[in-house]
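Survey of secondary and tertiary structure
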Amino acid sequence: MTSVPQSSPRTAGPAGAGSAPAGPRRRRALSPAWTALAPIAVIIVLFFVIPIGGMVATSLLVPGSEPGTKTFGLDNFTALGSGSRSMALGNSLLLSFTAATVAAIFGGLCAWAISTVKSKIVDSITAVISSVLANDGGVPLAFSFIVAVGNTGYFTALITAVDSTFTLYSVKGLILMYQYFLIPTMILLTLPSFVSLRQQWREANTSLGGTSLTFWRRVGLPVITPALLGAWLLMFGSAFGTHASAAVLIGTGGFPLIPLEIAGQLAGSAATGGEGVAMALGVTTGAIAVIVLIAYNALMKRSAKWLNT
Amino acid sequence: MAEHLNSSPRMKRFLAWLPLAALAIFILTPLLSSLIYSFFRADGSFTTSGLTGLADSGKIVAPLMRSLVVSVLAAVILVVTLVPAVVAVHLWAPRLRSVLSILCTLPLVVPAIAIVAGLSAVLRSLAAQGRGSLGMQLNTMLQSQDLPLVLVGTYVILCLPFTFRSIDAGLSTLPLRTLFESSSILGAGLGTTLRRVIIPNIRGPVMFSVFFTFALSIAEYTVAATLSINTLPVFLNTLSSTNFRGSITLSVLLNLTTWLLLAAATVSASRFGHRPSAVSEHDEPEADEPAVSQAAGAFRKDDETP
């Protein structure tokens, strides 16, 4: 049986990559890898690396001394400290912090509940629904909340009976709406940790005379805390960057938030030249995101040490 | 002490159901509210004005088509480019694996709004190069309302984190080197091996990636709205000012579609995840090499029903 001539990627590989045929064997084996990696590399470069690079570059460009020229400078970043931008930054930080904390508490409670109930139905429902809901932060979400608890919503009366100053189109409303995808995210992230709290630890705690409270205070919480903190961080980052549902709910006027500011500056930048500021905002958001990621990785390593997850 | 031990598990289990019940109520309420609103007026009468309002104007067709095309393209391109890359990284360049992993996880933390801000800057600078120049042409092509390639590329990036993880995990369970070596002994090249051996074996992760990318792309709002491309969610938002009930109806439909797709994705990931497919073994018939027959035998295991 004749062997099929090697397909073009293989033959193009060694020639295309220019590696010496007589070189070490590892070099030649790498060539098909480059062909296989090329498409995704192109996409990543075109649609991720270049935009991020362009964003950083544009944020550093400020109008030069003569009109129409641009030089490098940090003016755009200092402009962040004033006006609607600083308000937006403060609002975003407050909103993300509160939303993440609320979700951490309720989500953690639910994750504990799911791990305690140990029902197969609940487990399978959780597996499917939590990943569905965690990604559900868009336009339909905002609409359904408007219908449910907006100004003329079905359940608005219920909520205002408890808290008369509540309105959906404010910080409180946003926090409430964000829970819809933050709590499932929290459950998704922390359920494995709750599940891997070993039964032996609880039994050891009981045999040494401790109660449930002691268990949680001395054993459970300290072990789970890195995972909980990591999840909180991720939720903070996620809430900080949420744009779609907030945009539908608030538009660009009422309540300044960083993602809305960015969108607003981008939309109007042709006229007002606020493009650089929008980029600076974007860079800030990106930097916060990267810090969150690094901190999360460190916390996960810590958590894995105890829980082998 | 014995009492304490006996009653507390039951108490605990009862207590544990409470937050779950509260959560279920919280999740279901907005959904039911929009469902009810789409079909019932304030006085309780049934109405289909939402649905008819959608169909009447016919304005829904263009955004719908646009969203569908973009989503299908994004899903296909993601699978076609990501699978070879992950395979390559597993087989030939393990050192690049952490690089690829980081690159594919970054879009998870860098929010879409930051990505679109950068995109906007790049597109603007392309356009600033003047009419008729290459930059301008590139700019218009990427953003054309008929086929917004810029959306396709961006959605691929946005979906990378979850899909990479899934495909990566799926490939880790395969004896890749064995498969590749046996396949090339039998004369297959890179493309054939990928198509007929590898992909059938990671059917679960591939299906997950397809469903997930499709669902995310069809419901994505931030990038499309900022670039002023009229996709379905963007249309949904503008519709709300003219025909609120219609927009709620559409949002319920969109939501249900997305949920079904994501649920299908999750289910297919778990159901098809681990078992190697029996299909591929047709391409690897009798062979002398013990490694090949071992690999083929692993596939055949599923076929043999007692």
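Computed from a predicted model, the values in this text were never measured in an experiment.

Regarding the UniProt feature "transmembrane region" (unreviewed entry) in chain B
This chain's UniProt record puts "transmembrane region" (unreviewed entry) on residues 14-40, 68-93, 99-126, 147-164, 176-194, 206-227 and 247-267 of chain B. Here residues 176-194 of chain B runs as 79% helix and 0% strand, with 11 Å between its end C-alpha atoms.

Brief notes about the environment of A:Val139
Residues and elements named next belong to chain A. Mapped onto the fold, Val139 is located in helix 6 (residues 139-149). Its relative accessible area of 0% is what places Val139 among the buried residues. Separated by 146 residues in sequence, Val139 and Thr285 place their C-alpha atoms 22 Å apart.

Comments concerning the domain arrangement of chain A
Residues and elements named next belong to chain A. Taken domain by domain, chain A comprises domain 1 (40-72) and domain 2 (90-307). A straight line from the C-alpha centre of domain 1 to that of domain 2 covers 32 Å. Opposite the four residues of domain 1 that make contact, domain 2 presents six residues. Taken together, both faces of the contact between domain 1 and domain 2 bury some 420 Å²; the carbon and sulfur share is 82%. Here domain 1 is connected to domain 2 by zero salt bridges.

Let's talk about the nonpolar core
Among the nonpolar cores identified, the biggest contains 164 residues, and A:Leu174, A:Tyr178, B:Leu171 and B:Ile198 are the most heavily contacted of them. Residues lining this core come from more than one domain, with at least three contributed by each of domain 1 (40-72) and domain 2 (90-307) of chain A. Beyond its immediate stretch of four places on either side in the chain, B:Ile198 contacts B:Val87, B:Leu171, B:Leu176, B:Leu179, B:Phe180 and B:Thr193.

Describing a nonpolar patch on the surface
A contiguous nonpolar patch, built from A:Tyr154, A:Phe155, A:Leu158, B:Leu28, B:Leu32, B:Leu35, B:Ile36, B:Phe40 and B:Phe46 and spanning about 840 Å² of accessible area, is present on the exposed surface. Considering each element in turn, the nonpolar patch owes the most residues, four residues, to helix 1 (residues 2-39) of chain B. Here A:Tyr154 is to be found in the loop between helix 6 and helix 7 (156-162).

Quick notes on the packing of helix 8 (residues 171-195) of chain A against helix 10 (residues 212-241) of chain A
Residues and elements named next belong to chain A. For the pair helix 8 and helix 10, interaxial distance at closest approach is 9 Å and the crossing angle is 140°. Viewed along their axes, helix 8 and helix 10 adopt a mutual orientation that is oblique. Between helix 8 and helix 10 the crossing geometry is right-handed. Of helix 10, the residues touching helix 8 (which contributes Tyr178, Phe181, Leu182, Thr185, Met186, Leu189, Thr190, Ser193 and Phe194) are Trp216, Ile224, Ala227, Leu228, Ala231, Leu234, Met235, Ser238 and Ala239. Broken down by class, the residue content of the contact of helix 8 with helix 10 amounts to 14 nonpolar, four polar and no charged.

What counts and what doesn't
Residues numbered from 1 in each chain as written. Chains lettered and ligands numbered in written order. Predicted model: local features only at pLDDT ≥ 70, side-chain atom pairs only at ≥ 80, totals over all residues. Heavy atoms only, no water. UniProt positions renumbered as here; feature names shortened; annotations may be inferred. Helix = DSSP H or I, 4+ residues; strand = E, 2+ residues; numbered from the N terminus. Buried < 20%, exposed > 50% of the residue type's maximum accessible area, 1.4 Å probe, protein only. Domains from an automatic or database assignment. Contact = heavy atoms within 4.5 Å. Buried area = accessible area lost by both parts, 1.4 Å probe. Salt bridge = Lys/Arg side-chain N within 4 Å of Asp/Glu carboxyl O. Core = buried A, V, L, I, M, F, W, Y, C linked by side-chain atoms within 4.5 Å. Patch = residues over 30% accessible without salt bridge, like charges linked within 9 Å, V, L, I, M, F, W, Y side chains within 5 Å. Areas by Shrake-Rupley, 256 points an atom, 1.4 Å probe, with all protein chains shown as cover. Axes fitted to C-alpha atoms, helices over the stretch in contact; angles between N-to-C directions. Parallel < 35°, antiparallel > 145°, perpendicular 65-115°, else oblique. Left-handed = near helix turned anticlockwise from the far one by under 90°. Nonpolar A, V, L, I, M, F, W, Y, C, P; charged D, E, K, R; others polar.

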